[in-house]
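# Residue-level structural notes
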Amino acid sequence: MKQNISFREFLIPRLIQASGYSAIVFVALIFFFLLREGLPTLSEVEWGALFSARWYPIEEYFGILPLLTGSLIITLGATLIAVPFGIGAAVYISEIAPRWMREILKPLVELLGGLPSVVLGFLGMLVLSPYLRVLLNLPTGLTALAGSLLLGGIAVPTVVSVAEDALDSVPRAYREGAWALGATRWQTIWRVTLPAAKSGALTAVMLGVGRAIGETMTVMMVTGNAPVLATSPGSFFSPVRTMTATIAAEMGEVANGSVHYHVLFFIGLTLFVISLIVNIIASSVVFRAKKRAERILS
Amino acid sequence: MTKIFSRNRYLVQRVGFALITLMALATVTPIIGVIAFILLKGGSAISWQFLSGFPFDGMRAGGILPAIVGTLYLTVGTAVFSVPLGIAAAIYLSEYAKDNQWTRLIRLAIINLAGIPSVVYGLFGLGLFVLFLKFGTSILAASLTLSIMTLPVIISTAEEALRAVPQSFRTVSISLGATRWETIRRIVLKEALPGILTGVILGLERAAGETAPILFTGAAFFLPRLPNSPFDATMALPYHLFVISTQVPEMPVQIQYGTALVLLVFVLTMNLTATVIRSRARAKRQW
């Protein structure tokens, strides 16, 4: 019995430690497999052809520029929606709302984060895009704008919870000091609390952007998927195709090991690197490092 | 100075508060709208036949049983891998890890795992589980892929719950002669259980609703039967909704809304359960 206990005391911590390190192993594995399947692209497709404006895989045109710009324009649109509304909602929940209101709003925002993206895409197809088509008199409602609107909604919960957390972490004394000096609550929010929570709010924005650029199903269903270079604001009103949607739509039909297959992995690698950069920048902003991580995730 | 004490500053405040309130409401009303809309439109499609029957006539008629069962299998499969691993990792971070470079690297890895786009997880699952390990397009490969995606949610919520247990509980337990592992298992884990459970359910909720990671790792377009081994591909609710709303021409809207409703109820039930567990635990907590 005694020996049994000491054995357990030895083995279990080792297992637990291994589990802790598994997160690093998984990131490394993901990176490795993306490299393994994606890097052959660079020898199979010329650099110039890869960064050209024509994506037409059936005839071996693998220009990823339209996909990049498609992802960028939708992310830009989503950010323009998610940031003001997300920060606004966070300010309301943390600074203005009465307690009972807060108790209602927080779970609701969490719920939005939990809605399956395919359900939002489905409603986008059936309800939002026909509505946009009629409202704006467009040939099709499946546009970058529809994608941005829905993606904005998807990114909002991330922005709200991280920003709210940042606001919560501003010491109460800051606010009290401002009030004591005669500032109104509104002035305090704008000139004291928000500036004090600036880095956290920035993190919120970064993570919202990261969330938006990686979203797949919704954009695939509502953006029309036309690989057209999006270069002007007018592109919001025409169909675009994102990197994520391209992978999701085409991976099922390519032969393993073909050039097309490698290019799709290369796009995946690009997305991976983008999300890595976004997350590393976001987490290097010094702001209650641990707490924030939990917020993003829940 | 004059600007700060301008006479209309209370007016500005009133207008500002109204604006922010409107923005917050504009953020949450669509959520209620979406849920109410799906409930309304999909409600009439729900029948026993719809829930327990197989689809036929090119999925334009019949039920969605294989998709419901498939999503259950995938959720359970995900739990099998991600729950023990996630909780163990959380125990490591909260109880064992020292504050050094390695631990920081683990945290960075977790944050990055959380940020990786879901479709990239799909690619990874295809590369590692389906092709390299030769699991094929299967429930096993899809569950493993979803597990890794769910892991960061479980780890970080579980760690938060473990850290919330007061240090004195551990000290007392150790001083009474319990070993470190006994302390963790009987005291810390027991106290943190509701919090851990909340995190687990929220993580699995996400897995249940995801489509992109299972697209090329385990999802089947159509199966005339239920999967009978972990090496079978399976239908799943989110993928099925995607298929019948984009790939099947002349699909009755009724069935689409019905499928969306079932998926939504599945996910909302999990979400609600998590919320209830959390708030009950908070109310009951004595420390």
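If you're wondering where the values come from, they're calculated on a predicted model, not measured in any experiment.

## What to know about the overall build of chain B
Counting secondary structure elements, chain B contains 11 helices and two strands. Listing every helix and strand of chain B by position from the N terminus yields α-α-β-β-α-α-α-α-α-α-α-α-α. Oriented by its inertia axes, the alpha-carbon framework of chain B measures out at about 65 × 65 × 35 Å. In chain B, which comprises 287 residues, the share counted as buried stands at 51%. Counting only contacts in chain B whose residues sit at least 6 apart along the sequence, the fraction spanning at least 24 positions is 76%.

## Let's talk about the overall build of chain A
Within chain A, the secondary structure is distributed over 14 helices and two strands. Each principal axis of the C-alpha distribution contributes one length, and for chain A these read about 75 × 70 × 35 Å. Looking at chain A alone, contacts between residues at least 24 apart form 76% of all its contacts between residues at least 6 apart.

## Here we look at the interface of chain A and chain B
Chain A puts 76 residues into the contact, and the matching count from chain B is 77 residues. Sorting elements by how many residues they give to the side of chain A that touches chain B places helix α1 (residues 2–38) of chain A first, with 22 residues. Residue classes in the side of chain A that touches chain B are distributed as 49 nonpolar, 21 polar and six charged.

## Things to note about the environment of B:Pro152
Considering the arrangement of structural elements, one finds B:Pro152 in helix α6 (residues 139–164). Spatially, the C-alpha atoms of B:Pro152 and B:Ala18 are 37 Å apart, while their sequence positions differ by 134 residues.

## Some thoughts on unusual backbone geometry
Note: most peptide bonds trans; most residues except glycine with negative phi. Phi is positive for A:Asn137, close to 55 degrees, though the residue is something other than glycine. Mapped onto the elements, A:Asn137 comes out in the loop between α6 (117–136) and α7 (144–168). We classify A:Asn137 as exposed; it has 8 C-beta atoms within 10 Å. Of note, the phi angle at B:Glu250 is positive, near 55 degrees, even though the residue is not glycine. One can find B:Glu250 in the loop between α10 (237–246) and α11 (253–284).

## Details of the nonpolar core
A:Val119, A:Val159 and A:Ala163 are the most contacted members of the largest nonpolar core, which totals 181 residues. If we skip the residues at most four places from it in the chain, A:Ala163 touches A:Gly86, A:Ile87, A:Ala90, A:Gly200, A:Ala201 and A:Ala204.

## Some details on helix α5 (residues 118–132) of chain B
Residue and element names in this part refer to chain B. In a regular helix each residue adds 1.5 Å, so 15 residues correspond to 21 Å; α5 covers 20 Å between its end C-alpha atoms and thus fits that length. Of all bends in α5, the biggest is about 35 degrees, found at Gly 125. Among the 15 residues in α5, 13 count as buried, and that is most of the element.

## A word on the confidence of the model for chain A
Taken over all residues, the pLDDT of chain A has a mean of 88, while the share at 70 or more is 94%. No element of chain A has a lower mean pLDDT than helix α14 (residues 289–297) of chain A, at 50, and none a higher one than helix α12 (residues 243–250) of chain A, at 94.

## Side note on helix α8 (residues 180–209) of chain B
Taking 1.5 Å per residue, 30 residues should reach 44 Å; α8(B) reaches only 38 Å between its end C-alpha atoms and comes up short. Where α8(B) bends most, at B:Leu193, the angle is about 60 degrees, and the proline B:Pro194 comes one to four residues later.

## What about the environment of B:Tyr96?
As for its placement among the helices and strands, B:Tyr96 is situated in helix α3 (residues 65–96). The partly exposed category is assigned to B:Tyr96, around which 14 C-beta atoms lie within 10 Å. Spatially, the C-alpha atom of B:Tyr96 lies 10.0 Å from that of B:Arg180, the residues being 84 residues apart in sequence. In this structure, B:Tyr96 is in contact with A:Pro13, A:Ile16 and A:Gln17, ignoring residues within four places of it in sequence.

## Some remarks on the packing of α3(B) against α8(B)
Residues and elements named next belong to chain B. It is the contact of α3 with α8, at a shortest axis distance of 9 Å, that shows an interaxial angle of 140 degrees. Taken as axis vectors, α3 and α8 run oblique relative to one another. You can see that α3 and α8 cross each other, and the crossing is right-handed. Two secondary-structure elements touch here, α3 through Thr 71, Thr 75, Thr 78, Ala 79, Ser 82, Val 83, Ile 87, Ile 91 and Glu 95 and α8 through Ile 184, Val 188, Ile 196, Val 200, Gly 203, Leu 204, Ala 207 and Ala 208. Split by residue class, the contact of α3 with α8 holds 11 nonpolar, five polar and one charged.

## Examining the packing of helix α9 (residues 185–196) of chain A against helix α1 (residues 9–42) of chain B
Contact pair α9(A) / α1(B): the axes reach a minimum separation of 8 Å and the direction vectors enclose 75 degrees. In terms of axis orientation, α9(A) runs roughly perpendicular to α1(B). Note on element contacts: α1(B) touches α9(A) through B:Arg9, B:Val12, B:Gln13, B:Gly16 and B:Phe17, opposite A:Arg185, A:Trp186 and A:Gln187. Among the residues making up the contact of α9(A) with α1(B), the classes are represented as three nonpolar, three polar and two charged.

## Describing the environment of B:Glu210
All names here are of chain B. Along the polypeptide, Glu 210 turns up in the loop between α8 and α9 (212–215). Remark: the alpha-carbon pair of Glu 210 and Phe 17, spanning 193 residues in sequence, is separated by 37 Å. When residues no more than four places from it in sequence are discounted, the contact partners of Glu 210 are Ser 118, Leu 146 and Pro 238.

The rules behind the values
Residues numbered from 1 in each chain as written. Chains lettered and ligands numbered in written order. Predicted model: local features only at pLDDT ≥ 70, side-chain atom pairs only at ≥ 80, totals over all residues. Helix = DSSP H or I, 4+ residues; strand = E, 2+ residues; numbered from the N terminus. Buried ≥ 20, exposed ≤ 12 C-beta atoms within 10 Å, placed from the backbone. Contact = placed C-beta atoms within 7 Å. Nonpolar A, V, L, I, M, F, W, Y, C, P; charged D, E, K, R; others polar. Core = buried A, V, L, I, M, F, W, Y, C linked by C-beta atoms within 7 Å. Expected span 1.5 Å × (residues − 1). Bend = angle between axes of the 7 residues up to and from the residue. pLDDT = per-residue confidence, 0-100. Axes fitted to C-alpha atoms, helices over the stretch in contact; angles between N-to-C directions. Parallel < 35°, antiparallel > 145°, perpendicular 65-115°, else oblique. Left-handed = near helix turned anticlockwise from the far one by under 90°.

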